[in-house]
Amino acid sequence: MADLLAPPRSLASRVLGAVLVILLLGGVLVTGSIWWNGQQAARQSYDRILLGAARDIAEAIRVQDGAPFVDLPVSAFQLLAQAPDDRIYYAVHGPGGKLVTGLDARAPVAVPEAGEPGVSYFEASLHGEPARFVRLTRRFVERDFSGPVEVTVGQTLRARKAMTTELMLDALLPMALAGLVLMGIAALVLRRALRPLEALSEDLAERDPHDLTPMPVAGLPSELQVMVGSMNRFMGRLEGQFAAMRNLIADSAHQLRTPVAAIRVQAETARAEGDGAARMRALDRLLTRTRSLGRLLDQLLSHALVVHRTDSLPRVAVDLREVALEIFEEDDHATLSPGAGLRLEIGEDPVMVMADAFSLGEAARNMLANALAHGQAPVTMGVAGRGARAQLWVEDAGPGPAPEVVAKLGARFNRSSGSGERSTGIGFSIVTAVAEAFGGRVDLGQTDRGFRATLDLPAAPTEEAS
Amino acid sequence: MIARLSALALTFLSVLPAPLAAQEATARYGSGDTPFLLRSTTDIAILEPVIARFAERNPELTVTYEQWGSNALFDRSRDDCRGGGAVADAVFSSAVQQMVWLVNAACATAYRSPATEALPETRRWRDELWGVTMEPAVIVYNTRLLAGDEVPRSRFALLDALRAEPDRYRGRIATYDIAESGLGFLFAYADSLEATTFGSMLEAFARVGAVATCCSAEIIGGVAEGRYLIAYNVLGSYVATAAGDEVGTILPEDYTLVLSRGYMIPKGADRAEASGRLLEFLLTPEAQAMLATAGLVADMAAPETGLAPSARRSIPLTPALLVALDRNRRAQLLTRWSDAFRRAQVP
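Residues numbered from 1 in each chain as written. Chains lettered and ligands numbered in written order. Predicted model: local features only at pLDDT ≥ 70, side-chain atom pairs only at ≥ 80, totals over all residues.

An unreviewed UniProt entry lists chain B under the name Bacterial extracellular solute-binding protein, from Pseudooceanicola marinus.

As annotated in an unreviewed UniProt entry, chain A carries the name histidine kinase and comes from Pseudooceanicola marinus. Of chain A, the UniProt comment under Subcellular location (unreviewed entry) reads exactly: "Membrane". The Catalytic activity (unreviewed entry) comment attached to chain A in UniProt states, word for word, "ATP + protein L-histidine = ADP + protein N-phospho-L-histidine." (UniProt positions renumbered as here; feature names shortened; annotations may be inferred.)

K.L.:
For this particular structure, what's the right way to read the overall build of chain A?
P.N.:
Across its full length, chain A carries 10 helices and 14 strands. Residues classed as buried in chain A amount to 25% of the 466 residues present. Long-range contacts, defined as pairs at least 24 residues apart, comprise 68% of the intrachain contacts of chain A with a sequence gap of at least 6. (Helix = DSSP H or I, 4+ residues; strand = E, 2+ residues; numbered from the N terminus. Buried ≥ 20, exposed ≤ 12 C-beta atoms within 10 Å, placed from the backbone. Contact = placed C-beta atoms within 7 Å.)

K.L.:
Whenever I open this one, the pairing of strand 3 (residues 61-67) of chain B confuses me. Can you help?
P.N.:
Each regular strand carries side chains that alternate between the two faces of the sheet. Residue and element names in this part refer to chain B. Side chains of strand 3 alternate between two faces, with Leu61, Val63, Tyr65 and Gln67 buried and Thr62, Thr64 and Glu66 left unburied. Of the strand pairs in this sheet, strand 1 (residues 25-29) and strand 3 are connected by five bridges, and their pairing is antiparallel. Residue Tyr29 lies in a different strand from strand 3, and its bridge partner there is Val63. Handedness of the β-α-β unit built from strand 2 (residues 34-40), helix 2 (residues 44-57) and strand 3 comes out right-handed. (Pairing = 2+ DSSP bridges. Right-handed = clockwise from strand over helix to strand, strands pointing away.)

K.L.:
Is there a simple way to think about the interface of chain A and chain B in this case?
P.N.:
Interfaces are often described in size by the accessible area the parts lose on coming together. Each side of the interface is counted separately: chain A has 19 residues, and chain B has 16 residues. Among the elements of the structure, strand 2 (67-70) and helix 2 (74-80) of chain A are those that each provide at least two residues to the side of chain A that touches chain B. Counting residues per element, the side of chain A that touches chain B draws most heavily on helix 2 of chain A, at four residues. Across the side of chain A that touches chain B, the residue classes break down as 10 nonpolar, four polar and five charged. (Nonpolar A, V, L, I, M, F, W, Y, C, P; charged D, E, K, R; others polar.)

K.L.:
Help me understand the sheet that holds strand 2 of chain B in this model?
P.N.:
The strands making up a sheet associate through hydrogen bonds between their backbones, and the pairing can be parallel or antiparallel. Residues and elements named next belong to chain B. Here seven strands make up an open sheet; going across it, the order is 1-3-2-4-13-6-5 and the pairing mixed. With partners counted over all chains shown, the strands left at the sheet margins are strand 1 and strand 5 (124-125), one partner each. Relative to the sheet, helix 4 (residues 96-104) contacts strand 4 (90-93), strand 5, strand 6 (129-131) and strand 13 (262-264), its axis offset from that of strand 13 by approximately 30°. (Axes fitted to C-alpha atoms, helices over the stretch in contact; angles between N-to-C directions.)

K.L.:
Whenever I open this one, unusual backbone geometry confuses me. Can you help?
P.N.:
Across residues other than glycine, the phi torsion is negative in most instances, and most of the peptide bonds are trans. We note that Asp65 of chain A has phi near 55°; this positive angle belongs to a residue other than glycine. Take Asp65 of chain A: it is sitting in the loop between strand 1 (61-64) and strand 2. One non-glycine residue, Asp127 of chain B, lies in positive phi territory at about 60°. Residue placement: Asp127 of chain B occurs in the loop between strand 5 and strand 6. Residue class for Asp127 of chain B comes out partly exposed when judged on the 17 C-beta atoms lying within 10 Å of it.

K.L.:
Looking at this structure, I do not really get the sheet that holds strand 9 (residues 343-345) of chain A. What am I missing?
P.N.:
All names here are of chain A. Read across the sheet, five strands follow the order 9-11-12-14-13 without closing on themselves; strand pairing throughout is mixed. In the strand order of this sheet, the two ends are held by strand 9 and strand 13 (441-447), each with one partner. On average, adjacent strands in this sheet sit at an angle of 20° to one another, irrespective of strand direction. Sheet topology places strand 9 next to strand 11 (residues 380-386); three bridges connect them, and they run parallel. Note on strand 11: the bridge partner recorded for Arg343 is Thr380. Helix 6 (residues 320-329) rests against strand 9, strand 11 and strand 12 (389-396) of the sheet, and its axis sits at about 175° to strand 11. Helix 8 (residues 357-374) rests against strand 11, strand 12 and strand 14 (450-458) of the sheet, and its axis sits at about 25° to strand 12.

K.L.:
What am I meant to see in the confidence of the model for chain A here?
P.N.:
Interpretation of the predicted coordinates at a detailed level should be avoided for regions scoring low in pLDDT. All names here are of chain A. Mean pLDDT over chain A stands at 82; residues scoring 70 or higher make up 90%. For residues 1-6, every residue scores under 50 in pLDDT, and the model assigns this stretch 11 contacts once sequence neighbours within four places are set aside. Segment residues 414-424 is flagged for pLDDT under 50; beyond a separation of four residues in sequence, or across chains, it makes 15 contacts in the model. (pLDDT = per-residue confidence, 0-100.)

K.L.:
Help me understand helix 4 (residues 222-272) of chain A, please; the structure alone is not making it clear to me.
P.N.:
Every α-helix winds through 3.6 residues per turn, so residues three or four apart in the chain are directed the same way. Over its 51 residues, helix 4 of chain A extends 73 Å from the first C-alpha to the last, a length consistent with the 75 Å expected when each residue adds 1.5 Å. Among the residues of helix 4 of chain A, Gln255, Pro259 and Gln266 of chain A are the ones counted as buried. (Expected span 1.5 Å × (residues − 1).)

K.L.:
What should I look at first to understand helix 4 of chain B in this one?
P.N.:
Residue and element names in this part refer to chain B. For helix 4, the tally of buried residues reaches nine of nine residues, placing the bulk of the element in the interior. Of all the positions in helix 4, only Val96, Gln97, Gln98, Met99, Val100, Trp101, Leu102, Val103 and Asn104 are classed as buried. After helix 4 finishes, the residue Ala106 shows a positive phi value of roughly 60°.

K.L.:
Help me out: how do you make sense of the environment of Ala437 of chain A in this one?
P.N.:
All names here are of chain A. Residue position: Ala437 is located in helix 10 (residues 426-437). Along the chain, Ala437 and Ser359 lie 78 residues apart, while their C-alpha atoms are 9.6 Å from each other. Residue contacts for Ala437: discarding those within four places in its chain leaves Thr310 and Ser359.

K.L.:
What is the right way to look at the packing of helix 5 (residues 276-312) of chain A against helix 8 of chain A in this model?
P.N.:
To characterise two packed helices, one gives the angle between the axes of the helices and the distance between these axes. All names here are of chain A. Interhelical geometry of helix 5 versus helix 8 gives an angle of 145° and a closest axis separation of 9 Å. Crossing hand, helix 5 versus helix 8: left-handed. Residue-level contacts link Ser302, Val306, Arg309 and Thr310 of helix 5 to Phe358, Ser359 and Glu362 of helix 8. Of the residues contributing to the contact of helix 5 with helix 8, the split by class is two nonpolar, three polar and two charged. (Left-handed = near helix turned anticlockwise from the far one by under 90°.)

Here's what the structure looks like:
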């Protein structure tokens, strides 16, 4: 976890890298578009200058002694000098391509075939340098001269290139600046956004490995809350398991110490008794104690199993009626409490819960065992669905335990001095553990028929309801 | 008609490549192993100190200085550019329109340095042509024969004088023959752009039988001797060096043309690096001071010249000067010019 901000490839550098790539890509696109626009603008404006100069020259053509004659206007060249560092070409040709005037008859320019009449632009090389030309034709119809006179004016491209570059720089510099600013803002925002994560990883790094208390989630972004929440739940479960294990060990030690001590006493008594009848009595008591110890061990095991299963096994749909029926059909209760007259009350409809069948069975078995052991016959076991709740209950006809005992029943093992040696108190804690594990509770109370213990669980959504 | 024909003939002579005209004079400076050829329209005597100093500072060079007429130099340079003879290492000409033509025709090599960048825009073009000097076109007069109020301070005053006393000035006004002198043509062309006075000037010159002759030295000599009372559009630098007390100089107050001689490194020059060094040297304060002594860099801002800044007309090194070489335009100007002069010679 602490490696999130490790040097090789931190989250921040990933996001910043992506932002940089996006900005650069955008920059390249915009640069291309600006360059194209700048080139168009430069071409347009300097083409206009070329055309203006050509028109000036065409205007200055007059017919003198039967031949065209150009009184070359300085203004045309001043116009062309708007591109101060560019070479100039001009030529005026009469009919048949006869040169009227021009810069250098010996250095002709590769003029493309005259296509459409009027104004046409073309590009050609001027003294080895690329240049752009305009050609326009003026037609004369005079008494002593008639025919087209063609004016060609050209210019090298330095000023155009300079203008394109200038336009581009003018647009690009602010853009580059904006890009830098955006990058800076992105870095700041990212830092801010990642600060909780950093704090979290620092917290984790500094945390004692045995500390399983939940991490604070206040002020965390929702995505992190999900993560930290599940982490907290995980740690909670771990903590619960640890606690259960600690309790089990402590409780088992505590629970076992007394019966083992009692057994030792009984055994010593039996050995000390010389008399056969007294010895037999002592041996009988020893046997009872040993049985009781065996049951206690069973229950402890069952408790540990229930706790383990409820924590680790996936929940499945279980019909409470089947659980009750299974218990009812076992013969254990008959041996435990012969002649108790056990009854079963279940309905037609399934009563479904999401749980673990084994754990539920253990809970029901213990509830029944308690009723048989401490209550008065007849004992009734029943299953009922009440709306969103599913209930498994055991009822006897007695008044139930004293209120102070009821109050203590919620706690862990309760082995009151008043209860008989067969009572372990561990049974009820199994019921409580199962109820808690599946999101339910245990209700104890009087009814008009007697005392009822109820395992109350949330009902599983039925097929029809969903 | 005859006049026009002969003018056209003149035009064609100057446009068509003449058989390679030779230089007028040659001088050598230094005795290094590397030959360096400078072709110039400037009289050797005027530029000698500067070139000698340059040769002194660059002992590995032997500088050959060839003095040419401007049109001949232009023809030679153009032919060199087209693949004719031996290319000069540097060309230095007062006929800047011809230099602009050569640069426009890609006959020059670019050079760039802080010193050239510091030149004003009117004095460089494309980093291939640089205006190294500053020389006004002046009116000179004979101080013995004209004095005080008679001295024309402007073109208008000159026109008035010619109109008032045509007989006094008959045959005693001199100016360049623009068909022969590239510089004279450039001044006449620049004058023609000022239009208002040029026409009446030509007319007045024709009326008094002005003499169109070839060379600065000849004109100034004539003024000094008193053969000419006034010479119009003479390059001030020649006056400063050639003349004695008899020759007075006027910067016309209506406007004074200011010429910057053009320096160019021809394309294919063998020692272009040395040409760059010569340019650098010409732009140093030391060389500029020497040029000023020679009269090639006039201090136009000096109060004693008495010329308002608004009357200064620099001839900028721009492609607009190409118009001056246009054959139609040239023919027209020459026709106008020779018409005026020939008509005057017909009684």
